[in-house]
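Listed here are the chains, written in short residue letters.
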Amino acid sequence: MSKSLCNIRFSNRKFSTIILEKNQLLSEHLTVQNSPILFGCRTGICGTCVVRVRGNIAPPNDEEKEVLAVIADGNPEARLACQIYLTSDIEIDVCEL
Ligand code: FES
């Protein structure tokens, strides 16, 4: 796999792996057809897109941390999918946190 590409895998295997260029906003490439993730605001406010992420991505900024503290009770793998910039391969789990 080229270093400029990232594999986006879903623990829900009904959805195929997606391959995207690095340094892109993940949510710009996800839809209800290609992923199990639901989005609301897509601006990091509503918390609809909370997921569990395994992989080496940048940590959440302060605004994302505030939302995650409320909706995910400090789970270190919890992230808002709409705030993820791709820097490496990741696996996403949308099950309950
Ligand atoms: S869609 Fe609202 S926080 Fe991600």
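Attention in this report is confined to the structure presented alongside it. This is a predicted model, so every value here is computed, not measured.

1. Here we look at unusual backbone geometry
With phi around 60°, N23 is a residue other than glycine that occupies positive phi space. For N23, the location among the structural elements is in the loop between β2 (18–21) and β3 (50–55). Residue N23 is classed as exposed on the basis of its 10 C-beta neighbours within 10 Å. Phi is positive for R42, which is not a glycine, with a value near 60°. Positionally, R42 belongs in the loop between β2 and β3.

2. A look at the pairing of strand β5 (residues 90–93)
Side-chain alternation along β5 places I90 and I92 on a buried face and E91 and D93 on a face that remains uncovered. Pairing geometry for strand β1 (residues 5–10) and β5, over three bridges, is parallel. Paired with R9 across the strands is E91, a residue of β5. Sheet topology places β3 next to β5; four bridges connect them, and they run antiparallel. Bridge pairing in β5 places G55 opposite I90.

3. Overview of the sheet that holds β1
With mixed pairing, five strands are arranged side by side in an open sheet as β2-β1-β5-β3-β4. Lying at the two open borders of the sheet, with one neighbouring strand each, are β2 and β4 (78–80). Going from strand to strand, the sheet's axes swing by 40° on average, the running direction of each strand aside.

4. Observations concerning the nonpolar core
Looking at soluble globular proteins, one finds that nonpolar side chains tend to be buried together. L26, I37, C49, V51, L80, A81 and I92 are the most contacted members of the largest nonpolar core, which has 18 residues in total. Only β1, β3, β4 and β5 provide two or more residues apiece to this core. Sorting elements by how many residues they give to this core places β1 first, with three residues. Discounting residues that sit within four places of it in the chain, I92 has contacts with I8, F10, S11, I37, V51, V53 and A81.

5. Quick look at the environment of Q83
Mapped onto the elements of the fold, Q83 is located in the loop between β4 and β5. Along the sequence, Q83 and L25 sit 58 residues apart, while their C-alpha atoms lie 7.1 Å from each other. Beyond its immediate stretch of four places on either side in the chain, Q83 contacts G44, P60 and E64.

Rules behind the numbers
Residues numbered from 1 in each chain as written. Predicted model: local features only at pLDDT ≥ 70, side-chain atom pairs only at ≥ 80, totals over all residues. Helix = DSSP H or I, 4+ residues; strand = E, 2+ residues; numbered from the N terminus. Buried ≥ 20, exposed ≤ 12 C-beta atoms within 10 Å, placed from the backbone. Pairing = 2+ DSSP bridges. Axes fitted to C-alpha atoms, helices over the stretch in contact; angles between N-to-C directions. Core = buried A, V, L, I, M, F, W, Y, C linked by C-beta atoms within 7 Å. Contact = placed C-beta atoms within 7 Å.

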